[in-house]
Amino acid sequence: TEKEAEQIDVESQELVQNLPTEIGMGGNILYQYQGFWCPKVSIKGMMLFQHHFKAQKTDIILASIPKSGTTWLKALAYTVVNRSHYSLEESPLFTNGPHGVVPFLEFDFSSKNQFQELDKLAKPRIFGTHSPYLALPRSVKESATKIVYVCRNPLDMFISYWKFSGNIRKENEKHVSLEDAFDKFCQGVHGYGPFWDHLLGYWKASIETPDKVLFLKYEDMKKNNVFHIKKLADFLGFPFSVDEEKQGLIEEISKLCSFESMENYEATKSGTGPLGIPASAFLRKGKVGDSLNYLTPSMVGRVENLIQEKLQVSGLSF
Ligand code: A3P
């Protein structure tokens, strides 16, 4: 109801006022919410998601830190799951784009009502989220909902994020230099950072409950895309048949969702993505190692040390 909507508005406004803040790498304000640095727009969204989302056992949740390959994973998962409904030549991805067919739980719904409407969606429902694992609603953790997490070498993720932030920066937001942004990043101050805590939350969940959480790396997906599409399909419960494999369907899906194809979707060229951001901003270069064109060896060393210090004991490496 309107009253509830108002209430959540007031609650989120009040909550935000009491949270620690920092300036993010795009010059925007970040709020420390439940241990993570979140843009203001997502806090109300996260609250709504936590309170009103009712997970179904067939749901699929695609989770990530921004700039880790979310857009790509959305395209792949959507195509794998819906391949019996649409031929690849007529994929809704062309016109609606990955963010159109797989909405973000904390950006794309702004009221309890909208969450209730989601009950009517065809199954399996697929959603994206940047929420840390610990912030996911209980129903997601306790139901048979599948979670796929994609991550990326933090150096490349950082450069991708810095470039993106600069690109979508509003006029009243100050440009943050590469050096300052990098410093913030190393302190964990970036959207949904610290990256090590975000990564570890999903990493641990994937080890404890491998049937529930699939942990993927961007670099691995680039290197052996077909293998990972198969893995994704098996995990989601939509395995490829021998015939499909023989027909080369996996290769075709790989091609449909490649950077080069996606760049040319109508939805990418002229559509809008989440929060009204031009869809084209979600595809920049799509390369592994681009960060080395921007970062000095000492910057690289600093992140490598961080990775060792924060992640090594867990067995996660890049
Ligand atoms: P770069 O900025 O390094 O090019 P997200 O989708 O999580 O926001 O991540 C965006 C990053 O993924 C960008 O990285 C973007 O170019 C890359 N990307 C988007 N679509 C891709 C695809 N189909 N294949 C590979 N990389 C892709």
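Residues numbered from 1 in each chain as written. Predicted model: local features only at pLDDT ≥ 70, side-chain atom pairs only at ≥ 80, totals over all residues. Heavy atoms only, no water.

### Side note on the pattern of salt bridges
Consideration 1: What the rule picks out here adds up to 10 salt bridges.
Consideration 2: By sharing partners, the salt bridges in this structure join Asp59, Asp119 and Arg125 into a single network. (Salt bridge = Lys/Arg side-chain N within 4 Å of Asp/Glu carboxyl O.)

### Some words on the pairing of strand β5 (residues 126-129)
Consideration 1: Judged by which residues are buried, β5 turns out to be covered on both faces: Ile126 and Gly128 on one side and Phe127 and Thr129 on the other are all buried.
Consideration 2: Looking at chain direction, strand β4 (residues 60-64) and β5 are connected through four bridges and run parallel. From the neighbouring strand, Leu62 faces β5, where its bridge partner is Gly128. (Buried < 20%, exposed > 50% of the residue type's maximum accessible area, 1.4 Å probe, protein only. Helix = DSSP H or I, 4+ residues; strand = E, 2+ residues; numbered from the N terminus. Pairing = 2+ DSSP bridges.)

### Side note on the UniProt feature "domain: Sulfotransferase" (unreviewed entry) in the chain
Consideration 1: Summarizing the sequence annotation, UniProt attributes the feature "domain: Sulfotransferase" (unreviewed entry) to residues 57-313 in the numbering used throughout.
Consideration 2: Along residues 57-313 one finds 49% helix and 8% strand; the C-alpha atoms at either end are 33 Å apart. (UniProt positions renumbered as here; feature names shortened; annotations may be inferred.)

### So, the packing of aromatic side chains
Here the distance between the centres and the angle between the planes together describe a pair of aromatic rings.
Consideration 1: Evaluated as defined, the whole model comprises 18 aromatic pairs.
Consideration 2: Ring centres 6.4 Å apart and planes at 70 degrees place the aromatic pair Phe53 and Phe115 in the edge-to-face group. Taken together, the positions of Phe53 in the loop between α2 (40-52) and β4 and Phe115 in helix α5 (residues 112-117) put the pair 62 residues apart, joining distant regions of the chain. Per residue, the accessibility class of Phe53 equals that of Phe115, and both read buried.
Consideration 3: Note that Lys141 overlies the ring of Tyr133, its terminal NZ or CZ placed 5.0 Å from the centroid.
Consideration 4: The ring of Tyr218 is capped by Arg152, whose NZ or CZ atom sits 4.1 Å from the centre of that ring. (Phe/Tyr/Trp six-rings, centres within 6.5 Å; stacked < 30°, edge-to-face > 60°. Lys NZ or Arg CZ within 6 Å of the ring centre and 35° of its normal.)

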